[in-house]
Amino acid sequence: MGVLNYFDYQFSYLKRYNQIIKVLFKYGFEDLVAYMEEKKRFSFLKKFIPKSTLDQSLHLTKWEKMRLVCEELGPSFVKFGQVMSNRPDLLPAELITELEKLQDTVPPFPGKVAVQIIEKELGAKVNDVFADFNEAAFASASIAQVHRATLKTGEKVVVKIQRPAIKEIIVSDIRVMLYVAEVLMKRIPSLKHFDPIGLVRNFESSITKELDFIHESVNVQRFKNNFQNDETEEGYIRCPSVYPAFTTTNILTLEFIEGLKISDLEKLRSNGLDRKLIAKRIATSFFKQIFKYGFFHADPHAGNILIMPGNIVCYIDFGMMGSILKKDLEQLSNLFLSIKTKDVRRIIRAIQQLSDNVAISNFRELESDLSEFVNNYSVREVHKNELSTILLELKDIIVKHELKVPAHFFLLAKALVAVEGAINHLDPELDMTLIVRPYLIKTIARNYNPLVFAKRLFNSVYEMGMYMEEFPRDLKNAMRKINSGEMKVELNHKGIDPITHTINRVSRQIVSAVIVSSLIIGSSLLIVAGMPPKWNNTSVWGIIGLILATIIGLGMVNNLRKGDKDTDD
């Protein structure tokens, strides 16, 4: 059985490769057709191309085709596209826009299958667990679908059920992605800057957490605890309660929240709810998530915020959350306040701290770009509800100068865009800068607290003492490794790469020249000697040898014509 399972797995793996190649070929062909039309080349081929393919290739941009590739390849690639939409530091803005359109909705799987999964996970019949279970899903996505139910105790709940075999599909697709990433790294060295293997590994970590509903339940509980322990927010910021007894890796049972969507202004008004108060509460709670707890809802769009009676704001869907370190929060606060005061040097220091003090290749140009940015900001007077605009415009400068900042910087910018959209819909006049300013000042002031400063100083002295105590032993170990030959030194110099490439190229040319010479000489001897078999009184082996020599020789001439270009540029 083990052997059969192995071959079955390998077959499904190759089958998936075949599906991916077909989709890539399909859209790659369409891109080629669009190129031929744009350059007005090979127009006679148009009559051989189906009209539907021709129309689609001409009306879709290459970025739209990339989005369609993700959608057609299924949940793994849709999720990968959604994760990559949070990386504007790596991808073009046009592609980011398309990836943000990726739809995560698919038809639901049968209710009977959902029942089987619940019974397997909980080890009990559905009727023994729930007083009522609706087999018809009321929401469905690529990874899971949601059913309404009622517990035996009378509480109304929603049950999120993972799609059958989705883990196996995603694991297989990640294996394919890693293989493709490795090939790209080898074939296109210039992609090293984007770290395709690292991106796939990052996606693997993200999707693994999303596939574990225990992890999502912990997110919900952590969020709930943050606001329950805050007296000022208790009562008007909520999230669903988790039912741990009915939650496993593959199913998640949450309190059913009956509320109104913030997009439905008419219903909010008719139910006597205060839009301005709701907008203020959303803004306050969001900044508190960031600056007080360092743990924020990363997808707070209108569909994930419900309004309950009494103007209570309830966040739902905790699959995507962001975390920020305290030291990054301090620099983020410094960044916002420095932009307001137009302190360019302080902005640079904050960016360097966020970038782990990465070296700046052209300090003067960066200073000039930031100076223009802050001056334009003060003159233009960015709308009070457009804090995200500051981050997004600053992002362009960061990308231009190839500065590395934590991924949560872009996740935060995207979340801020979503929150601002919701708030502008409710109360366009709300001044978010007035709400966020106290949090910025408090975060910075916390850094200059004498007790905090003394604690940091003590930790630094303690760490230095530990280092000095261990230094002699480390030095002794290093010397022992050097003497025994265990220590190896690897040098990597960018300037050597072109030389290495040229040497390899010349070596190949020499080997090819030797082979061609040998073939010509050997073939000539066979023809002169009249070695049978013969064709028209000429040795066939001699003719074949000369043909091979000609083919290899033409290849050498082609390589020489291309020149010695460094592929690592």
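Please read all numbers here as calculations on a predicted model, not as lab measurements. (Residues numbered from 1 in each chain as written. Predicted model: local features only at pLDDT ≥ 70, side-chain atom pairs only at ≥ 80, totals over all residues. Heavy atoms only, no water.)

## Looking at the pairing of strand β3 (residues 144-151)
- Of all eight residues making up β3, six are buried, and the element is well covered by its neighbours.
- Summarising the sheet, strand β1 (residues 130-133) and β3 pair through three bridges and their orientation is antiparallel. Looking at β3, one finds that F130 is bridged to L151.
- In terms of strand pairing, strand β2 (residues 139-140) meets β3 through two bridges, oriented antiparallel. The residue of β3 that forms the bridge with A139 is V146.
- Turn length for the β2-β3 hairpin, with the two strands adjacent in sequence and antiparallel, is three residues.
- Direction of pairing for β3 relative to strand β4 (residues 156-162): antiparallel, over a ladder of seven bridges. Paired with Q145 across the bridge in β4 is I161. (Buried < 20%, exposed > 50% of the residue type's maximum accessible area, 1.4 Å probe, protein only. Helix = DSSP H or I, 4+ residues; strand = E, 2+ residues; numbered from the N terminus. Pairing = 2+ DSSP bridges.)

## Quick notes on the packing of helix α4 (residues 75-84) against helix α9 (residues 196-211)
- Between α4 and α9, whose axes approach to 10 Å, the crossing angle comes to 110°. Comparing the axis directions of α4 and α9 gives the class roughly perpendicular. Judged by the sense of rotation from one axis to the other, the crossing of α4 with α9 is right-handed. Of the residues in α9, those touching α4 at S76, K79, F80, V83 and M84 are L199, V200, N202, F203, S206, I207 and E210.
- Taken together, the residues of the contact of α4 with α9 break down into seven nonpolar, three polar and two charged. (Axes fitted to C-alpha atoms, helices over the stretch in contact; angles between N-to-C directions. Parallel < 35°, antiparallel > 145°, perpendicular 65-115°, else oblique. Left-handed = near helix turned anticlockwise from the far one by under 90°. Contact = heavy atoms within 4.5 Å. Nonpolar A, V, L, I, M, F, W, Y, C, P; charged D, E, K, R; others polar.)

## Re the nonpolar core
- With 106 residues, the main nonpolar core has I282, F286 and F287 as its most contacted residues.
- Ranked by residue count, the leading element in this core is helix α17 (residues 407-426), at 11 residues.
- Beyond its immediate stretch of four places on either side in the chain, F287 contacts K292, L387, L416, M432, I435, V436 and Y439. (Core = buried A, V, L, I, M, F, W, Y, C linked by side-chain atoms within 4.5 Å.)

## Structural notes on the pattern of salt bridges
- Summed over all chains, the structure comprises nine salt bridges.
- R238 is the salt-bridge partner of E255, the closest N and O atoms lying 2.9 Å from each other. With E255 in strand β6 (residues 251-255) and R238 in strand β5 (residues 237-238), the pair connects residues that are 17 residues apart, well separated along the chain.
- Since its relative accessible area comes to 19%, E255 is described here as buried. (Salt bridge = Lys/Arg side-chain N within 4 Å of Asp/Glu carboxyl O.)

## A look at the packing of helix α13 (residues 326-341) against helix α16 (residues 387-400)
- Contact pair α13 / α16: the axes reach a minimum separation of 12 Å and the direction vectors enclose 95°. As the angle between them shows, α13 and α16 are arranged roughly perpendicular. Between α13 and α16, the residues in contact are L335, F336 and I339 and L387, I390, L391 and L394, respectively.
- A class-by-class count of the residues in the contact of α13 with α16 yields seven nonpolar, no polar and no charged.

## Section: the packing of aromatic side chains
- Scanning the entire structure with this criterion turns up nine aromatic pairs.
- Three or more aromatic residues joined by ring pairs make a cluster, and in this case those are F223, F227, Y293, Y315 and F318.
- Directly above the ring of F295 sits R222, whose terminal nitrogen or CZ lies 3.8 Å from the centroid. (Phe/Tyr/Trp six-rings, centres within 6.5 Å; stacked < 30°, edge-to-face > 60°. Lys NZ or Arg CZ within 6 Å of the ring centre and 35° of its normal.)

## As for helix α6 (residues 111-122)
- Taking 1.5 Å per residue, 12 residues should reach 16 Å; α6 reaches 17 Å between its end C-alpha atoms and fits that length.
- Taken together, the buried positions of α6 are occupied by G111, A114, V115, I117 and I118. Down the axis, α6 shows its buried residues gathered within 160° of arc, on one side only. The exposed residues of α6 that point more than 90 degrees off its buried face are K112, Q116 and K120. (Expected span 1.5 Å × (residues − 1). Arc of directions from axis to C-beta.)

## Some points on the confidence of the model for the protein
- The predicted model of the protein has a mean per-residue pLDDT of 77, with 72% of residues at 70 or higher.
- A low-confidence stretch, residues 44-49 (pLDDT under 50), is modelled with six contacts involving residues beyond four sequence positions or located in other chains.
- Contacts for the low-pLDDT stretch residues 564-569, under 50 throughout, to residues beyond four places or in other chains number 11 contacts. (pLDDT = per-residue confidence, 0-100.)

## A few points about the pairing of strand β9 (residues 305-308)
- Along β9, one buried face is formed by I305 and I307 and the opposite face, lined by L306 and M308, is buried too.
- Pairing between strand β7 (residues 260-261) and β9: two bridges, direction antiparallel. Within β9, the residue paired with K261 across the bridge is L306.
- Counting the residues in the hairpin turn of β9 and strand β10 (residues 312-315) gives three residues, including G310, whose phi is positive at 85°.

## Some words on the sheet that holds β10
- Read from one edge to the other, the open sheet built from four strands follows the order β5-β10-β9-β7, with strand pairing classed as mixed. The strands lining the two open edges of the sheet, one partner per strand, are β5 and β7.
- The sheet contact formed by β9 and β10 spans four bridges and is antiparallel. The residue bridging I305 from the neighbouring strand is Y315, located in β10.
- Strands in contact with helix α12 (residues 275-293) are β5, β9 and β10; relative to β10, the strand with the most contacts, it is inclined by about 45°.

## Overview of the side chain of N334
- Here N334 is to be found in helix α13.
- Other than its neighbours up to four places away in sequence, N334 contacts R346, A350 and I444.

## A word on α13
- Helix length check: α13 (16 residues) gives 23 Å between terminal C-alpha atoms against 22 Å at 1.5 Å per residue, within 8%.
- Here α13 lies mainly inside the structure; 12 of its 16 residues are buried.
- When α13 is considered as a whole, its buried residues turn out to be D328, L329, E330, Q331, L332, S333, N334, L335, F336, L337, S338 and I339.
- K342 sits one or two positions beyond α13 and adopts a positive phi of about 60°.

## Some remarks on the environment of R269
- Of note, R269 is situated in helix α11 (residues 265-270).
- Looking at R269, its side chain comes within polar contact range of the side chain of E266, at 2.5 Å. (Polar contact = N/O pair within 3.5 Å; in protein donor to acceptor, adjacent residues only side chain to side chain.)

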